[in-house]
Amino acid sequence: MSLRRNKIQIIHDILKSIIDKNGKIKPTHLLYKSNLSHQKMTEYIQELIQKEMLSEVEEKSGKFYMITDKGRTFFHEYRKIREFISSFGLEE
Amino acid sequence: MAHLIVSPYWFYGVDSLFEIIGMIVSLLIAYFSYKIYKYSSSKTYRIMSLAFFFIAISYFIKIITNTFIYFKILSFEHFVVMNQLVELNMIYTVGFVLLRVAFLMGLILLLSLALKINDIKIIFLLFFFSVITAAFSDYKYYIFHLTAAILLVFIARYFYKNYCEKRTGTSHCIFNSFAILAVANFIFMFVLLNNIFYVVGEVVQLVGYLVLLSVQVRVLKK
């Protein structure tokens, strides 16, 4: 069994990290929790923002990433998605 | 023209009901794959969605074509005028060419995922040669179902390997479903010997789609 995460798993892990921090996380914390390189994390974040699963907010204490309703929907549907992908052997 | 209708008289319309189920199941899988594609932007799920969408389209075409032909035949009185036969033959030809093209396109896209064929030129060639033989040859009925059966065997083999790796109930059902669909297409090849094989093939095909539906239900319940 491959230990490499596929894209869906990585997206799930990123969103879980944010949910675990009450829906809002600093970039440095996310980098630590996501277990990705800075470049990869930036690519994923940009994609998730483009897909409206994350939003970027500026507060007095700095920049944060917040999970959106669409992101929460994906997170809750993750088990179904994972089961579907596994059943059809579509892991990448 | 003598083989325009392969279904026994008493089965008219029942095959369309069975195919509605096949169409719905294919659309469900296409829709869910598309959802995953929207989340991940991954080409794999887009191809999967397209594949099942083509399969659903093929069933839709078959339902429309068969329904139209059955109604036309049932409306015939004691004798049939030549232009009615020509009209029927045209509907049959156009409808069945379109459904065969759509169904084979769906299977070839699934096969490209199973065999990890990334080169679009190879996919095009597979499609071209399948369609030419299955849609336009003199023995199109046999060749179409033989081609579909062979493609389904390769697809089922991929799902079998997936099941051997995962050992889950759902992966086992996916394999079973495609193996059953392959068997159904082999059965359809014997239709011109006796039209009861059409009924058997339709029933077996329905079972295949019901197994696939059971997987979708289990996935959606998670």
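Heads up: the structure comes first, above all this text.
Quick caveat: nothing in here was measured; it's all calculated off a predicted structure.

What counts and what doesn't
- Residues numbered from 1 in each chain as written.
- Chains lettered and ligands numbered in written order.
- Predicted model: local features only at pLDDT ≥ 70, side-chain atom pairs only at ≥ 80, totals over all residues.
- Heavy atoms only, no water.
- Helix = DSSP H or I, 4+ residues; strand = E, 2+ residues; numbered from the N terminus.
- Rg over C-alpha atoms; globule rule 2.2 N^0.38 Å.
- Buried < 20%, exposed > 50% of the residue type's maximum accessible area, 1.4 Å probe, protein only.
- Areas by Shrake-Rupley, 256 points an atom, 1.4 Å probe, with all protein chains shown as cover.
- Pairing = 2+ DSSP bridges.
- Contact = heavy atoms within 4.5 Å.
- Axes fitted to C-alpha atoms, helices over the stretch in contact; angles between N-to-C directions.
- Buried area = accessible area lost by both parts, 1.4 Å probe.
- Salt bridge = Lys/Arg side-chain N within 4 Å of Asp/Glu carboxyl O.
- Polar contact = N/O pair within 3.5 Å; in protein donor to acceptor, adjacent residues only side chain to side chain.
- Nonpolar A, V, L, I, M, F, W, Y, C, P; charged D, E, K, R; others polar.
- Core = buried A, V, L, I, M, F, W, Y, C linked by side-chain atoms within 4.5 Å.
- Left-handed = near helix turned anticlockwise from the far one by under 90°.

Engineer: Before we move on, could you go through the overall build of chain A and cite the residues and values that matter?
Structural biologist: Looking only at helices and strands, chain A has 4 helices and 3 strands in total. In chain A, the order of α-helices and β-strands from amino to carboxyl end is α-β-α-α-β-β-α. Rg of the C-alpha trace for chain A: 13 Å, near the compact-globule value of 12 Å for 92 residues, within the 12% margin. Taking the principal axes of the C-alpha coordinates as reference, chain A spans close to 45 × 25 × 20 Å. The buried share of chain A, taken over its 92 residues, is 45%. About 5,500 Å² of surface is accessible on chain A, with carbon and sulfur atoms providing 48% of the total.

Engineer: Would you mind going over the pairing of strand 3 (residues 62-67) of chain A in detail, with residue names and values included?
Structural biologist: Residues and elements named next belong to chain A. When strand 1 (residues 24-25) meets strand 3, the two strands line up antiparallel, connected through 2 bridges. Paired with K24 across the two strands is M66, which belongs to strand 3. Relative to strand 3, strand 2 (residues 54-59) runs antiparallel, the two sharing 6 bridges. The partner of V57 across the bridge, within strand 3, is F64.

Engineer: Outline the sheet that holds strand 2 of chain A, supporting the account with residue identities and numerical values.
Structural biologist: All names here are of chain A. Spatially, 3 strands are ordered 1-3-2 in an open sheet, and the strand pairing comes out antiparallel. The open sheet has two edge strands with one neighbour each: strand 1 and strand 2. Across the sheet, helix 1 (residues 7-20) is in contact with strand 1, strand 2 and strand 3; its angle to strand 3 comes to roughly 110 degrees.

Engineer: Lay out the interface of chain B and chain A in plain terms, naming residues and giving numbers.
Structural biologist: Listed as interface residues are 29 residues of chain B and, on the opposing side, 23 residues of chain A. For the pair chain B and chain A, the summed buried area comes to about 2,300 Å², and 63% of that belongs to carbon and sulfur atoms. The three residues of chain B that bury the most area against chain A are Y39, Y45 and K222 of chain B, which together make up 32% of that side's buried surface. Between E77 of chain A and K35 of chain B there is a salt bridge whose closest N-O contact spans 2.9 Å. For the pair chain B and chain A, the number of links is 12 residue pairs in polar contact (both at pLDDT 80 or more). Of all elements in the fold, only helix 1 (14-40), helix 2 (43-74), helix 5 (140-166), helix 6 (169-188) and helix 7 (196-221) of chain B reach the threshold of two or more residues within the side of chain B that touches chain A. Of the residues forming the side of chain B that touches chain A, the biggest block, 8 residues, is contributed by helix 1 of chain B. Residues belonging to the side of chain B that touches chain A are distributed by class as follows: 16 nonpolar, 9 polar and 4 charged.

Engineer: Could you give an account of the nonpolar core, with specific residues and numbers?
Structural biologist: By size, the foremost hydrophobic cluster in this structure holds 93 residues, and its most contacted members are I14, F74 and F88 of chain A together with M48, F52, F178 and L212 of chain B. Per element, the largest residue contribution to this core is 15 residues, and it comes from helix 3 (residues 82-114) of chain B. Setting aside its immediate chain neighbours within four residues, I14 of chain A contacts L30, S34, L36, Y44, I45 and L48 of chain A.

Engineer: Please give an account of the pattern of salt bridges that cites residues and values.
Structural biologist: A full pass over the atoms with the stated rule returns 11 salt bridges over all chains. Residue E59 of chain A is joined to K24 of chain A by a salt bridge in which the shortest nitrogen-to-oxygen separation is 2.8 Å. Here K24 of chain A lies in strand 1 and E59 of chain A lies in strand 2, a separation of 35 residues in the sequence. Here E202 of chain B and K62 of chain B are joined by a salt bridge, their closest N and O atoms 3.0 Å apart. You can see E202 of chain B sitting in helix 7 and its partner K62 of chain B sitting in helix 2, a full 140 residues away along the chain. Judged on exposure class, the residue E202 of chain B and its partner K62 of chain B are both buried. Salt bridges sharing partners connect three or more residues here, namely K7, E47 and K51 of chain A.

Engineer: I'd like a description of the packing of helix 2 of chain B against helix 7 of chain B, backed by residues and values.
Structural biologist: Residues and elements named next belong to chain B. Contact geometry of helix 2 with helix 7 gives a least axis separation of 15 Å together with a crossing angle of 145 degrees. The interaxial crossing formed by helix 2 with helix 7 has left-handed handedness. Between helix 2 and helix 7, the contacting residues are F52, I55, Y59, K62, N66 and Y70 on the first element and Y198, E202, Q205, Y209 and L212 on the second.

Engineer: Please set out the side chain of N6 of chain A residue by residue, giving values where relevant.
Structural biologist: By secondary structure assignment, the location of N6 of chain A is in the segment before helix 1. Given the relative accessible area of 9%, N6 of chain A is considered buried.

Engineer: Give me the lowdown on the environment of E43 of chain A, citing residues and values where you can.
Structural biologist: Residue and element names in this part refer to chain A. Within the secondary structure layout, E43 lies in helix 3 (residues 38-50). The exposure class assigned to E43 is partly exposed, which follows from its relative accessible area of 40%. Along the sequence, E43 and L54 sit 11 residues apart, while their C-alpha atoms lie 13 Å from each other.

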